[in-house]
Structure formats: C-alpha cells, structure tokens
Amino acid sequence: MAVLQKIRDILSQKDDSEPFEPAPPTEYKIKVATLDRIDEIYKVHQKCFKREERYSKSIFNHLLSSPTAIGYCVFTSDDKIVGSIFVTLEENGVGHISTIGILPEHRRRGLAQRLLSHVEEMLKEKGLTIIRLEVRVSNIPAQNLYRKLGFAIVQRLAGYYSDGEDGFLMVKSL
Ligand SMILES: CC(C)(COP(=O)(O)OP(=O)(O)OC[C@H]1O[C@@H](n2cnc3c(N)ncnc32)[C@H](O)[C@@H]1OP(=O)(O)O)[C@@H](O)C(=O)NCCC(=O)NCCS
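The text that follows walks through the structure, step by step, so that each part is easy to find.

Nonpolar side chains tend toward joint burial in soluble globular proteins. Judged by nonpolar contacts, the single largest core of 45 residues is most densely connected at Val119 and Tyr146. With 7 residues, the top contributor of residues to this core is helix H4 (residues 111-125). If we ignore the near neighbours within four places in the chain, the residues touching valine 119 are Tyr72, Ile85, Val87, Ile97 and Ile131.

Right under this line is the structure:
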C-alpha cells in the first residue's frame, strides 16, 4: 500500500509547465530554512522544478543539517513557504548556490531577487568573496535573473546535467 501511495504522490506532482493562477497579493518575509519544515520545503521544490531536475528529499535533509550549507525560505503572511534558496560555503571563499525556486503562482514579484540579495549579504558578512552557480543553457528566466544581479557566464559546461544538457557556470564577485 505504501508503494502504491508513493506512486500516486509522484503522479499527482505538478510540473512547473502546467497552467496556474497568480496568487492573491500578500506580504512576504525571508527567514532561515529549518529542518522542521523539510516536508514543505521539499513539496515546494517539487512544484518549482520539472521531474528530471528535482532534488531528492535526502539532499534537502543534508542541506538543512550541514554546517556548511545555509538555506532561506520565502514565507507568506500566513506562514506558508513559497520558495527557497540553498547555498553551500566552500573553503576557498566561494559560496555555491545549489538551488533556488519560487512557486509558479508567486513568480515575477521580485522574490528570487530578494532571496539572492539576502544570500549575498550573508556571504559578505562571512567574508566570502565570490558566489557561483550552474544554470541550464535552456533556462532563460534564471539566466536573466542572474544577469540582472550582476552574474556573468564564465564557462559552458558540456553535458553537465544528467539528461545531457549543457550548463553555464555563472560567477559574481561580492
Ligand atoms: C528563475 C526563478 C527562480 C525566478 O523567480 P522569480 O521570483 O519569478 O524572479 P524575480 O521576480 O525575482 O525576477 C527577477 C528578474 O529575473 C528575470 N526573470 C524572472 N523570471 C523571468 C521570466 N519568466 N522570463 C524572463 N526573465 C525572467 C527578470 O529579469 C526579472 O526582473 P523583472 O521582473 O524586473 O523583469 C523562477 O522562475 C523559478 O523558480 N523557476 C524554476 C526553478 C529554476 O529554474 N531555478 C533556477 C535554477 S538555476
């Protein structure tokens, strides 16, 4: 039965390409991501990414428990999570964005920009000097976001993703 339920859960998960209604206006707050909200963080992530691009729950477990990873979530005024960002702190003074996603119905409200700016301020306070990330060559919305915030493409990563798609390495000096 548990296996059947899992299959049902997987089939009922929406892709980010499905139609959606914009959410009603609300106030948003950014707060640190905590392990006690892992189920919600994971569900939101699944709704943000296509099936083949999603992280497993164990990756979130790691990101939420590791002393070298920090995450932030966007919360609505009624304490619902609508997006998140996770960054790992590397020994060479580099912060690496592992994932960022905003629920489709809350997009184009400046939330990803706010999350990234929040992370940049935190990294600067910790004395890190560079922030880096990888992005699919087909992901124009994300590339636009990063370019808007001052990231530049420094390398094309051939076959970087598991489905064979190339990635771009994007970097910004803090
Ligand atoms: C990419 C993503 C995080 C952007 O989130 P968002 O909260 O909608 O982004 P913002 O509102 O902060 O947008 C900031 C800027 O990014 C760019 N941008 C964002 N979405 C865009 C889109 N659909 N098309 C073109 N440019 C876009 C624009 O320059 C935008 O500035 P503008 O609104 O003044 O034009 C969101 O679309 C998402 O979750 N996508 C799926 C997950 C994903 O691809 N993550 C990145 C993996 S590398």
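With respect to the helices and strands, leucine 133 occurs in strand S5 (residues 130-136). For the pair formed by leucine 133 and isoleucine 97, sequence separation is 36 residues and the distance between their alpha carbons is 5.2 Å. Apart from the residues lying within four places of it in its own chain, the contact partners of leucine 133 are His96, Ile97, Tyr146, Phe151, Phe168, Leu169 and Met170.

This brings us to the sheet that holds S5. In a beta sheet, neighbouring strands are held together by backbone hydrogen bonds and run either parallel or antiparallel to one another. Spatially, the 7 strands line up as an open sheet ordered S1-S2-S3-S4-S5-S7-S6, and their pairing is mixed. Single-partner strands in this sheet number two, and they are strand S1 (28-32) and strand S6 (152-157). Mean inter-strand twist for the sheet, computed between neighbouring axes without regard to direction, equals 25 degrees. Pairing of strand S3 (residues 81-89) with strand S4 (residues 94-102) involves 7 bridges; the strand directions are antiparallel. Among the inter-strand pairings, leucine 89 is bridged to a residue of S4, identified as glycine 95. Relative to S3, helix H2 (residues 38-48) is tilted by about 100 degrees, and along the sheet it contacts strand S2 (69-76), S3 and S4. With respect to the sheet, helix H3 (residues 57-65) is in contact with S2, S3 and S4, its orientation differing from that of S3 by roughly 65 degrees.

Turning our eyes to something else, we now look at the side chain of lysine 172. In this fold, lysine 172 is placed in strand S7 (residues 167-173). Within polar-contact distance, the side chain of lysine 172 engages the backbone oxygen of leucine 149 at 2.6 Å. In this view, lysine 172 contacts Glu120, Thr129, Ile130, Ile131, Leu149, Gly150 and Phe151; residues no more than four positions away in its chain are not counted.

Turning next to the pairing of S7. By the criterion of burial, S7 is predominantly enclosed, with 5 of the 7 residues buried. In the sheet, S5 pairs with S7 via 7 bridges, with the strands oriented antiparallel. Opposite glutamate 134, over in S7, you have leucine 169 as the bridge partner.

Looking now at the site of the ligand. In the vicinity of the ligand there are 21 residues, among which Ile102, Arg108, Gly110, Asn139 and Lys148 approach most closely. Here the ligand has 920 Å² of accessible area as a free molecule, and 78% of this is covered by the chains. Of all the secondary structure elements, the ones that give two or more residues to the shell around the ligand are S4, H4, S5 and helix H5 (140-148). Of the residues forming the shell around the ligand, the biggest block, 6 residues, is contributed by H5. Grouping the amino acids of the shell around the ligand by side-chain chemistry returns 11 nonpolar, 5 polar and 5 charged.

What follows deals with unusual backbone geometry. Phi at aspartate 79 takes a positive value of approximately 65 degrees, unusual for a residue other than glycine. When you line up the elements, aspartate 79 lands in the loop between S2 and S3. In this structure aspartate 79 comes out as partly exposed when scored by relative accessible area, which is 37%. Even without glycine at this site, arginine 108 takes up a positive phi of about 60 degrees. Tracing the chain through its elements places arginine 108 in the loop between S4 and H4.

Rules used in this analysis
- Residues numbered from 1 in each chain as written.
- Predicted model: local features only at pLDDT ≥ 70, side-chain atom pairs only at ≥ 80, totals over all residues.
- Heavy atoms only, no water.
- Core = buried A, V, L, I, M, F, W, Y, C linked by side-chain atoms within 4.5 Å.
- Buried < 20%, exposed > 50% of the residue type's maximum accessible area, 1.4 Å probe, protein only.
- Helix = DSSP H or I, 4+ residues; strand = E, 2+ residues; numbered from the N terminus.
- Contact = heavy atoms within 4.5 Å.
- Pairing = 2+ DSSP bridges.
- Axes fitted to C-alpha atoms, helices over the stretch in contact; angles between N-to-C directions.
- Polar contact = N/O pair within 3.5 Å; in protein donor to acceptor, adjacent residues only side chain to side chain.
- Near = heavy atom within 4 Å.
- Areas by Shrake-Rupley, 256 points an atom, 1.4 Å probe, with all protein chains shown as cover.
- Nonpolar A, V, L, I, M, F, W, Y, C, P; charged D, E, K, R; others polar.

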